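A structural walkthrough
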Amino acid sequence: MMLYNNINQDGTLVAKLPPFLWGKEVIISVTQETQAEKSNWGKISQALKKVDALDIPCRSYDDIIADCRSLRETE
């Protein structure tokens, strides 16, 4: 799990953790923001736009399952 937060001017870090971690020991690793990209959603979005632009016919879930079953039967 990656959490992004700012460190206060006095050097304190206040982070809100999900309830399933309450009362547990955790390891905190600190990396400067310039060393790690906060999110790669921009790259993922660009890749998905390229995929959407491809001329691939749409298939339903049932079509994909049928193809998987027929492939399994031929093995």
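Residues numbered from 1 in each chain as written. Predicted model: local features only at pLDDT ≥ 70, side-chain atom pairs only at ≥ 80, totals over all residues. Heavy atoms only, no water.

1. Section: the overall build of the protein chain
The following threshold applies: Each helix is a run of H or I in the DSSP string that is no shorter than four residues. Each strand is a run of E no shorter than two, and both are numbered from the N terminus. Each radius of gyration is computed over the set of C-alpha atoms, and the globule rule expresses the reference value as 2.2 Å times the number of residues to the power 0.38. Here's how the labels work: a residue is buried when its accessible area is under 20% of the maximum for its type, exposed when over 50%, partly exposed in between, all with a 1.4 Å probe on protein chains only. For every accessible area listed, the method is Shrake-Rupley and the probe measures 1.4 Å; residues are considered covered only by the protein chains on display. The charge count treats Lys and Arg as positive and Asp and Glu as negative. His and the chain ends do not count. Positions of charges follow a simple convention, taking NZ of Lys, CZ of Arg, CG of Asp or CD of Glu.
Regarding its fold elements, the protein chain presents two helices and zero strands. For a compact globule of 75 residues, the expected C-alpha radius of gyration is about 11 Å, and the protein chain comes in at 22 Å, more than 25% above that figure. Projected onto its principal axes, the C-alpha coordinates of the protein chain cover approximately 65 × 35 × 20 Å. The burial tally for the protein chain puts 0% of its 75 residues in the buried class. Of the accessible surface of the protein chain, which amounts to about 7,900 Å², a share of 56% is contributed by carbon and sulfur atoms. Both charge centroids of the protein chain, one from 9 positive and one from 11 negative side chains, sit 5 Å from each other.

2. Structural notes on the pattern of salt bridges
Condition: In what follows, salt bridge is the name for a side-chain nitrogen of Lys or Arg lying within 4 Å of a carboxyl oxygen of Asp or Glu.
On inspection of all chains with the given rule, the structure shows one salt bridge. Of the charged contacts, one joins D67 and R59 as a salt bridge, the two residues approaching to 1.9 Å between their closest N and O atoms.

3. So, the environment of G23
Structurally, the position occupied by G23 is in the segment before α1 (41–53). With a relative accessible area of 89%, G23 lands in the exposed category. Measuring from C-alpha to C-alpha, the distance between G23 and S60 comes to 45 Å, with 37 residues separating the pair along the chain.

4. Some thoughts on α1
Counted only if it meets this: For a helix, the expected span equals 1.5 Å multiplied by the number of residues minus one.
The first and last C-alpha atoms of α1 sit 18 Å apart over 13 residues, in line with the 18 Å expected at 1.5 Å per residue. Of all 13 residues making up α1, only zero are buried, and the element is barely covered by its neighbours.

5. Considering the state of the cysteines
In a disulfide, the sulfur atoms of two cysteines are held together by a covalent bond. This is how it is decided: Note that a disulfide, as used here, is simply two cysteine sulfur atoms within 2.5 Å.
One pass over the structure, following the stated rule, counts zero disulfides. Free cysteine C58: the closest other cysteine sulfur is in C68, separated by 17 Å.

6. So, a nonpolar patch on the surface
Spelled out, the test is: Patches here are clusters of residues that have more than 30% relative accessible area and form no salt bridge, with a 9 Å joining cutoff for like charges and a 5 Å cutoff for nonpolar side chains (Val, Leu, Ile, Met, Phe, Trp, Tyr).
A cluster of nonpolar side chains, contributed by M1, L3, I7, L13, L17, F20, W22, V26, I28 and V30, occupies part of the molecular surface with about 1,100 Å² of accessible area. By the element assignment, V26 lies in the segment before α1.

7. A few points about helix α2 (residues 61–74)
The first and last C-alpha atoms of α2 sit 20 Å apart over 14 residues, in line with the 20 Å expected at 1.5 Å per residue. In terms of burial, α2 is largely open, as just zero of its 14 residues are buried.

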